[in-house]
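Residues per chain are reported as follows:
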2 protein chains.
Amino acid sequence: MAVEQILIDGEWVPAEEEATFQAVNPATGNTLAMNFPISGWADCDRALTAAADAASALRTVAPEQLAAFLDAYASNIESAATMIVEAAHEETGLPVTPRLKDVELPRTTNQLRQAAAAAREESWKRATLDIERNIRSCFAPIGPVIVFGPNNFPFAFNGVSGGDFAAAIAAGNPVIAKAHPLHPNTTRLLAEEARKSLAAVGLPGSTVQMLYGMSNENGLRLVSDARVGAVGFTGSRAAGLHLKRAAEDAGKPIYLEMSSINPVIFLPGSLAEDGEKLAKELVDSCLAGAGQFCTSPNLILLWNGEGAEILLASMAQAFSERPPQPLLSSAGQNQLNAGVEALADAGATLIAGGKNLDGAGYRYANTLLRTTGSKFLSHPHELQREIFGNATMAVTVEDIEELQAILALLEGNLTGTIYSAKSGADDAIYNAIEPLLRQKVGRLLNDKMPTGVAVSPAMNHGGPFPATSHPGFTSVGIPAAMTRFALLQCYDGVREERLPAVLRDEIRNPATWRSIDREWVRG
Amino acid sequence: MAVEQILIDGEWVPAEEEATFQAVNPATGNTLAMNFPISGWADCDRALTAAADAASALRTVAPEQLAAFLDAYASNIESAATMIVEAAHEETGLPVTPRLKDVELPRTTNQLRQAAAAAREESWKRATLDIERNIRSCFAPIGPVIVFGPNNFPFAFNGVSGGDFAAAIAAGNPVIAKAHPLHPNTTRLLAEEARKSLAAVGLPGSTVQMLYGMSNENGLRLVSDARVGAVGFTGSRAAGLHLKRAAEDAGKPIYLEMSSINPVIFLPGSLAEDGEKLAKELVDSCLAGAGQFCTSPNLILLWNGEGAEILLASMAQAFSERPPQPLLSSAGQNQLNAGVEALADAGATLIAGGKNLDGAGYRYANTLLRTTGSKFLSHPHELQREIFGNATMAVTVEDIEELQAILALLEGNLTGTIYSAKSGADDAIYNAIEPLLRQKVGRLLNDKMPTGVAVSPAMNHGGPFPATSHPGFTSVGIPAAMTRFALLQCYDGVREERLPAVLRDEIRNPATWRSIDREWVRG
């Protein structure tokens, strides 16, 4: 059977494969026809050499050309949208509409265009000038970026089209994308649009390369190679921690988004005011994408009492009634099942779902567990296990002190949410718990669910370890996400004509914000 | 014999010591009288608990109070300057004047005052507001910061008074400083001024704590403790890499400044125009502080020919004539000797010095080695070994290609310097080599020596691994150095009155720069 080719140095070429794999339609369980290669080291090595050449070439490319590529790529993705969406639907089981076609694909092209605008504006370089001393600094490209995309967003976080990709390219770096094995054909189609777009704007083909996979050993070798500038990874904690150590031991910055249970806290007054509406919002958030979002609420914290009982009854009913969406893979289904069992073993009680479903594809019953604050405090490690999928756990607490104790034991998370009474009745509790929650999460929300992640300059899609590997950076939000893939470069006493354009006395680009003698000025 | 006490939670208390040590006057070799404790884990644990409490308390402290502490501390250091300088002179052998009294101490108090000003201004928080979506983010304190200071700057990089300290405190974090064992009494005196200053402004005593030392095992345990926010380290590569792995495995950001050979390149025209003057500048730079600066030139790159021969002869003469300053320790002397021998073994030729000197204290002959580009290329690893002290090595190259090949093989460095003809005669060579050097160094200099590190907002005292552990950050320069010790915190839909002051619609502080809907505005 024919094996698909990999994208190296601007060309689709046969891999020097160690093995092959096929994707599966998770909605049916049927193996798909196409055959994809697992690359040996020779492929990684070729990609790295070409990427290193591209990195040199990109350093002299005008920002406008990078921006033109990102814009062209966004347009080409839109032109090919029907085909790409269909492939993603087949490989992920995610609905064509609204999810893939109307939400994720537009989000992805919007992100590419925001990155293009940021590349054009050049403010992301954070040019800082000390005129009197003639010391000047700015951010500059870090070199080849390896991007590992996750299973759950085949476009918006894809290694060849997602947030890390857009940020790395806009900062002037070539990307070597590793396709996620659950959606190789989607990634292939996207990579082809990238290839065409590079050619159209005259950038080196080696600016965007794509491999379908490599052995774990070669993955570790790849991220620690001397030619690499930095690494972006979104995926499981286990895989992430292996890559983290390999990259960091080699002195390479690696930005990982790993695991998060996204606590959502309902203060008593919020449920008294709006219990029914909030139950629906919560169910929608927990089951969106079959719960396979990085920001899906896995931990619901409630005051023990009538409001909690009504909410949980309402959730249990909705969980039982709504048809479960397919999970992304049989491995994901097994992990979800194991996670639910582990929570039950640690003392949580199942009040809805809790089993694999028969029939086509990988489906798991929408699952709701509950436990008490005191049980949580006796097994805080076991009971904050991430359950990736359409399952969540509620914890009823007795008082502020118990909730504070729970929050103090939480690991780092992407998000933390507090719903409180509009009347102000919950304000004293809010003030008592917010400082504890605040330090554990990258994004703190009020009165809304965490599953939406706006592509805003003020977004932080990040958070303390183990949610990510560095609490000072976001992976979503342009231009902030770009500085992850940059070197800070200082010029001390360097002659004017030798400075990068963004650091000269007279700047060429009227749109650029610069900090000159401690004042932000533009143009 | 009495053992000095450690500073824990605002009080000088006896250590639960595992051992004791004494410092040595490196100018005489005489052991000094005072006895300092090596702390066991119990001391580290007490410090961590107190620091965690301080971190909570500092989150509600007004920036003005942090600034008042830093200003008071600077003034108190100045009031006690005579005593502190004398202690540092005795422990380091560095000259009282100009070095300690007139240069390093004023630099240190200036740095503390710059940090105070940055804390007051609050622009370092990089408040970013997306008004329409009501998404807002800013930097916030990361929690207790452990600072390991180096041997070579007893004030300006001291764990209890230097750049990392000032940055961590100004960002709102408590500091646990580990004194360098070569200057414990200096550190004790500084810590006492910090203690008094905290009391004077009413900040918790646990904001600044100080230990004299701990076992390597406890050092690793300390940096990976759950209560730690981040770590700053300046010192040797070997020690740094151990701490790096321990902290990173625990998910803690650690910022290390480790080793750098700081290449200085003289293009032919520069020597033709100004050879004599440049020889003197270079000698001054290489021998400043007995060569024990992080930015001391260890690698001089020259065109083979008459200009190089004149420069090297002039350097050799000056190296022979100038009296060597004492090194900081006998261990440093041994390492320097071993380094020079290793360079000679790898093919470099000794043309001045190369031996320990008899007499009082730890002195090593000012040492100059030379080799050729082709020899360097045959042993690139061995010949870029850092030699920390009054020794340097020149490499004569045959042509641009050879120099390019050398630059391509360099590890990351803090600085890289190019001297070129004022006439423009060297510009073609400059343009051919600059892109290679640029990617290897944090700070690129023209026509000046790298040993001065201005405390400027545009400074980058940083660079690619192994010079530091992250190429996107600087350890010198306010406010940039502060964001190393910060969390990025996003507020999504959070009610106005619950936002930190810096993120509200109406800002309290008229001095603060904020990015509002992609425009930088102040006040």
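As shown above, the structure is provided for reference.
What you see is a predicted model, and the numbers here were worked out from it, not measured in a lab. (Residues numbered from 1 in each chain as written. Chains lettered and ligands numbered in written order. Predicted model: local features only at pLDDT ≥ 70, side-chain atom pairs only at ≥ 80, totals over all residues. Heavy atoms only, no water.)

Draft legend 1. Summary view of the relation of the copies chain A and chain B. Of the transformation placing chain A onto chain B, the axial shift is 0.0 Å and the rotation is 180°, giving an RMSD of 0.0 Å. Accordingly, the operation relating the two chain copies is best matched by a two-fold axis. The C-alpha atom lying nearest the rotation axis in chain A is that of W520 of chain A; the distance is 3.2 Å. Taken as a fraction of all interface residues of chain A, those also at the interface in chain B reach 100%, which identifies the copy contact as same-surface. (Least-squares fit on C-alpha atoms with pLDDT ≥ 70 in both. Contact = heavy atoms within 4.5 Å.)

Draft legend 2. A look at helix α10 (residues 306–321) of chain A. With 16 residues, α10 of chain A should reach 22 Å at 1.5 Å per residue; the first-to-last C-alpha distance of 23 Å fits that figure. The inward-facing, buried residues of α10 of chain A contact β14 (264–266), α9 (268–287), β15 (299–303), β16 (349–352), β17 (367–372) and β18 (391–397) of chain A. (Helix = DSSP H or I, 4+ residues; strand = E, 2+ residues; numbered from the N terminus. Expected span 1.5 Å × (residues − 1).)

Draft legend 3. View of the interface of chain A and chain B. Every contact between the two is made by 66 residues of chain A and, on the other side, 66 residues of chain B. Across the chain A to chain B interface the summed buried area is about 5,900 Å²; carbon plus sulfur atoms make up 46%. Linking chain A with chain B are 12 salt bridges. The residue R443 of chain B makes a salt bridge to D492 of chain A at a minimum N-O spacing of 2.6 Å. The interface formed by chain A and chain B holds 54 residue pairs in polar contact (both at pLDDT 80 or more) in total. Contributions of two or more residues to the side of chain A that touches chain B are made by β7 (128–130), β8 (135–141), α8 (237–249), α14 (427–438), β20 (441–446), β21 (486–492) and β23 (519–522) of chain A. Among the elements that make up the side of chain A that touches chain B, the one with the highest residue count is β21 of chain A (seven residues). Split by residue class, the side of chain A that touches chain B holds 29 nonpolar, 15 polar and 22 charged. When β21 of chain A meets strand β20 (residues 441–446) of chain B, the two strands line up parallel, connected through three bridges. (Buried area = accessible area lost by both parts, 1.4 Å probe. Salt bridge = Lys/Arg side-chain N within 4 Å of Asp/Glu carboxyl O. Polar contact = N/O pair within 3.5 Å; in protein donor to acceptor, adjacent residues only side chain to side chain. Nonpolar A, V, L, I, M, F, W, Y, C, P; charged D, E, K, R; others polar. Pairing = 2+ DSSP bridges.)

Draft legend 4. Main features of the pattern of salt bridges. Considering all chains together, one arrives at 62 salt bridges over all chains under this definition. Note that E248 of chain B and K244 of chain B form a salt bridge whose closest N and O atoms lie 3.0 Å from each other. With E248 of chain B and K244 of chain B both in helix α8 (residues 237–249) and four residues apart, this pair spans about one turn of that helix. Comparing E248 of chain B with K244 of chain B, the two get one shared label, buried. Connected through salt bridges with shared partners, the residues D45, D225 and R227 of chain A form a single ionic network. (Buried < 20%, exposed > 50% of the residue type's maximum accessible area, 1.4 Å probe, protein only.)

Draft legend 5. Region of interest: the packing of helix α3 (residues 81–92) of chain B against helix α6 (residues 184–201) of chain B. Residue and element names in this part refer to chain B. Across the interface, α3 lies against α6 with an axial gap of 8 Å and an inter-helix angle of 160°. It follows that α3 is roughly antiparallel to α6 by the angle criterion. Viewed along their axes, α3 and α6 form a crossing whose handedness is left-handed. For the pair formed by α3 and α6, the contact residues are M83, I84, A87, A88 and E91 on the first element and P184, N185, T186, L189, L190 and E193 on the second. Considering only residue class, the contact of α3 with α6 consists of seven nonpolar, two polar and two charged. (Axes fitted to C-alpha atoms, helices over the stretch in contact; angles between N-to-C directions. Parallel < 35°, antiparallel > 145°, perpendicular 65-115°, else oblique. Left-handed = near helix turned anticlockwise from the far one by under 90°.)

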